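Take a look at the letters that make up each chain.
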Amino acid sequence: MEERLNALLRLAISLKATDIHFTRTRLGTKVEMRVNDRIRLVKSDPKDDKMIRYLQYLANLDVGNLIRPQTGQFEYLVDDVIVSLRFALIHNQHLDNAVLRILNSDLCIGVRSLSTSADQNSFFRKMMTYRSGLYVCSGPTGSGKTTSLYTLLHNVTGKKIFTIEDPIEMQSENFIQLNINETIGFGYDEAIKQVLRHDPDIIMIGEIRDEITAHMAIRAANTGHTVVTSLHAASCPLAIERLLELKVEKGQLYNVLIGISNQRLFSQMASDRKVVIYETMDRDEIIYYFRYGKVSSDFYALDERIEDAKRKGVIQTGEFSHEFTVA
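All values reported here derive from a predicted model rather than from experimental measurement.

**Q** I'd like a description of the side chain of H21, backed by residues and values.
**A** Summarising the element assignment, H21 is placed in strand β1 (residues 19-25). Excluding residues within four positions of it along the chain, H21 makes contact with K30, V31, E32, R34, I39, A98 and V99.

**Q** I'd like a description of the packing of aromatic side chains, backed by residues and values.
**A** Tallied over the entire structure, the rule returns six aromatic pairs. With a centroid separation of 4.6 Å and an interplanar angle of 45°, the aromatic rings of Y288 and Y292 are classed as tilted. Taken as a pair, Y288 and Y292 lie in helix α9 (residues 283-292) at a separation of four residues, close to a single helical turn. Taking relative accessible area as the criterion, Y292 reaches 55% and is therefore assigned exposed.

**Q** An account of unusual backbone geometry is requested, with residue identities and associated values reported.
**A** Geometrically, the link from D166 to P167 is a cis peptide bond, its omega value of 0° lying close to zero. Checked against the element boundaries, P167 lands in the loop between β8 (161-165) and β9 (176-179). Even without glycine at this site, N60 takes up a positive phi of about 60°. Along the chain, the position of N60 falls in the loop between α2 (51-58) and β4 (70-78). According to the relative accessible area criterion, N60 is exposed, its value standing at 69%. Phi is positive for K247, which is not a glycine, with a value near 65°.

**Q** Account for the layout of surface pockets, naming residues and giving values.
**A** A water-sized probe rolled over the atoms picks out the places where empty space is left. In this structure, the second largest pocket encloses a volume near 800 Å³. Lining of the second largest pocket is provided by 24 residues; of these, Q70, T71, R86, D166 and P167 occupy positions nearest its centre. When residues of the lining of the second largest pocket are traced back to their parent elements, those giving at least two are β1, β4, β5 (81-91) and β6 (96-103). Element by element, the count of residues in the lining of the second largest pocket is highest for β4, at four residues.

**Q** Help me get a handle on the nonpolar core, residues and values and all.
**A** Counting 37 residues, the largest nonpolar core has L134, L253, L257 and I260 as its most contacted members. Sequence-distant contacts of I260, defined by excluding residues within four places in its chain, comprise F123, Y135, V136, S138, C236, A239, I240, E279, T280, M281 and I286. Core analysis: the next-biggest nonpolar cluster, separate from the first, contains 28 residues, L11, A59, L61 and Y76 among them.

What counts and what doesn't
- Residues numbered from 1 in each chain as written.
- Predicted model: local features only at pLDDT ≥ 70, side-chain atom pairs only at ≥ 80, totals over all residues.
- Heavy atoms only, no water.
- Helix = DSSP H or I, 4+ residues; strand = E, 2+ residues; numbered from the N terminus.
- Contact = heavy atoms within 4.5 Å.
- Phe/Tyr/Trp six-rings, centres within 6.5 Å; stacked < 30°, edge-to-face > 60°.
- Buried < 20%, exposed > 50% of the residue type's maximum accessible area, 1.4 Å probe, protein only.
- 1 Å grid on protein atoms, 1.4 Å probe; cavity = no way out; pocket = protein on both sides within 12 Å on 5 of 7 lines; lining within 4 Å.
- Points joined across faces, edges and corners; volume = space filled by probe spheres on them.
- Core = buried A, V, L, I, M, F, W, Y, C linked by side-chain atoms within 4.5 Å.

Here's what the structure looks like:
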């Protein structure tokens, strides 16, 4: 099993995959990888049928309790490099579905390199100059939201930064990182209370997933601090609508929201590097949206930016092979 896992991780790292998916049914186990925000099939191996149980063991999950979904985090040595991994498992009577997330710790990227657009890089630098308010980084799973947030924070100097995450996805000595643990009563509300007692300048809330987290993000921003967070949404305007669906008071959101970005991940043309295409809403655009219920004529939508990047030859547009083979 160790040999097979090593091979899968080597392939995932070489392809810059964010996740390895395992789906086990009565017919066998299917292995897939998320590469450039697309799910790609991996050629099967007889060992795959036992891989989920092996990963349960490595992640220190309760192998005898499959009733409740479980998540665990562990480190694994691949070619003398320590890789941080998070394993999540759900089970029903018909199948097991598991995801192994590769937690990237390589953050040697400057804010100027976040986007291929100079105006967008200016937007990101501006977000970190605010003394208070809420910045939301949105997009689908695997689009690089966490990496974008960490990149921004790693380029901030002279400020006290705290992160509140569930779980901590990237270890960093530059921040004070708190891991949510609901089993001991340490949720987002308690974490925010504790962080506010430590004189923070910037608070990162890893992801807004529910009403409680959304309200705590607004509360923290209202206390005169800069709050950055991520959110699953298909566009910047839909990120606003998603927050309102989570019963955030519209007036409070209007007062604290300083910026929103939405992103997709692509392969760079003639390179194995990745590039992120963003759409952004600054404070002026946010004010316009709240007043008129639509974006202004100056708003540059994500689809337009993607098409522009294709025309300029910045990103690859060809399809990947349907199936990957583990060497």
